[in-house]
Protein chains: 2
Amino acid sequence: MASSTYTVKGMTCGHCAGSVTAEVQKIDGVVDVAVDVPAGQVTITSNAPVSDDAVAEAVEEAGYELVRA
Amino acid sequence: MASSTYTVKGMTCGHCAGSVTAEVQKIDGVVDVAVDVPAGQVTITSNAPVSDDAVAEAVEEAGYELVRA
């Protein structure tokens, strides 16, 4: 099981968190998604490695922007 | 046809606007709801008078707060 935290721009409320969670959960291997709206952080737990590109795509699909480190 | 504009606190994004719109549209006589998120304003068009209490209830049901003048 692996866990990574990403920074996402533009999330302002619980609905935003829900949209991001729904899209990220569709990524193969993801078992949990935790969103911290005020911090702009999304923590993804997965049972297989998840590529940053897949996360960026899911976040954009939800209407937000992944901030690359 | 009557049109009234209300001030609503706490709307931060398009999802918030959607939640408020969905609840206000349920009020009898309402034919159109227009939300301006940055301004925190909700304009309601109806073919019958709508009470402020009904609007306040709908806004609260959506999870936001009507600011009484």
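Values in this document were obtained by computation on a predicted structure and should not be read as measured data.

**Q** Which parts of the structure should I look at to understand the overall build of chain A?
**A** Within chain A, the secondary structure is distributed over two helices and four strands. Starting at the N terminus, the α and β elements of chain A follow one another as β-α-β-β-α-β. For 69 residues, the compact-globule formula gives about 11 Å, and the C-alpha radius of gyration of chain A, at 11 Å, lands near that figure. Once local pairs closer than 6 in sequence are excluded, the contacts in chain A between residues at least 24 apart make up 59%.

**Q** It is not clear to me how the side chain of Thr45 of chain B should be interpreted in this structure. Could you clarify?
**A** Residues and elements named next belong to chain B. Position of Thr45 relative to the elements: it lies in strand β3 (residues 41-46). Under the relative-accessibility criterion, Thr45 is labelled buried at 18%. Sequence-distant contacts of Thr45, that is, excluding residues within four places in its chain, are made with Met1, Ala2, Ser3, Gly29, Val30, Val31 and Asp32.

**Q** Please explain the pattern of salt bridges as it appears in this structure.
**A** Close approach of charged atoms allows side chains with opposite charge to pair. Residues and elements named next belong to chain B. Applying the stated criterion to the full structure yields six salt bridges over all chains. Two residues, Lys9 and Glu65, come together in a salt bridge whose shortest N-O distance is 3.8 Å. Of this pair, Lys9 sits in strand β1 (residues 2-9) while Glu65 is found in strand β4 (residues 65-67), placing the two residues 56 residues apart along the sequence. For Arg68, the salt bridge identified is with Asp53, shortest N-O distance 3.1 Å. Of this pair, Arg68 sits in the segment after β4 while Asp53 sits in helix α2 (residues 52-62); the two residues are 15 residues apart in sequence, bridging distant segments of the chain. Under the relative-accessibility criterion, Arg68 is labelled partly exposed at 48%.

**Q** Before we go on, may I ask you to explain the relation of the copies chain A and chain B in this structure?
**A** Between the two copies of the chain lies a relationship made up of a rotation around an axis and a movement along it. When chain A is fitted to chain B, the residual RMSD is 0.0 Å, and the transformation amounts to a turn of 180° plus an axial shift of 0.0 Å. Those values place the two copies in the arrangement expected of a two-fold rotation axis. Of the interface residues in chain A, 100% have counterparts in chain B that sit at the interface too, so the contact is made through matching surfaces.

**Q** Any chance you could explain the pairing of strand β2 (residues 30-36) of chain A here in plain terms?
**A** Remark: a regular strand shows side chains that alternate across the two faces of the sheet. All names here are of chain A. Here β2 pairs with strand β3 (residues 41-46) via six bridges, running antiparallel. Note that in β3 the partner of Val35 across the bridge is Val42. Hairpin geometry of β2 and β3 is characterised by an intervening segment of four residues between the two adjacent antiparallel strands and by a positive phi of about 65° at Gly40.

**Q** Before we go on, may I ask you to explain the environment of Gly40 of chain B in this structure?
**A** Residues and elements named next belong to chain B. Counting through the fold element by element, Gly40 comes out in the loop between β2 (30-36) and β3. Assessed through its relative accessible area of 9%, Gly40 is described here as buried. Once the C-alpha coordinates of Gly40 and Ala69 are considered, the two residues, 29 residues apart in sequence, prove to be 14 Å apart. Residue contacts for Gly40: discarding those within four places in its chain leaves Tyr6, Thr7, Val8 and Met11.

**Q** Where do I start with the packing of helix α1 (residues 14-24) of chain A against helix α2 (residues 52-62) of chain A in this structure?
**A** Angle between the axes and distance between the axes: these two values describe a pair of packed helices. Residue and element names in this part refer to chain A. Where α1 contacts α2, the two axes come as close as 8 Å, and the packing angle between them is 135°. It follows from the interaxial angle that α1 and α2 lie oblique. For α1 against α2, the interelement crossing comes out right-handed. Contacts between α1 and α2 pair Ser19, Val20, Glu23 and Val24 from the former with Ala58, Val59, Glu61 and Ala62 from the latter. Split by residue class, the contact of α1 with α2 holds five nonpolar, one polar and two charged.

Definitions and limits used
Residues numbered from 1 in each chain as written. Chains lettered and ligands numbered in written order. Predicted model: local features only at pLDDT ≥ 70, side-chain atom pairs only at ≥ 80, totals over all residues. Heavy atoms only, no water. Helix = DSSP H or I, 4+ residues; strand = E, 2+ residues; numbered from the N terminus. Rg over C-alpha atoms; globule rule 2.2 N^0.38 Å. Contact = heavy atoms within 4.5 Å. Buried < 20%, exposed > 50% of the residue type's maximum accessible area, 1.4 Å probe, protein only. Salt bridge = Lys/Arg side-chain N within 4 Å of Asp/Glu carboxyl O. Least-squares fit on C-alpha atoms with pLDDT ≥ 70 in both. Pairing = 2+ DSSP bridges. Axes fitted to C-alpha atoms, helices over the stretch in contact; angles between N-to-C directions. Parallel < 35°, antiparallel > 145°, perpendicular 65-115°, else oblique. Left-handed = near helix turned anticlockwise from the far one by under 90°. Nonpolar A, V, L, I, M, F, W, Y, C, P; charged D, E, K, R; others polar.

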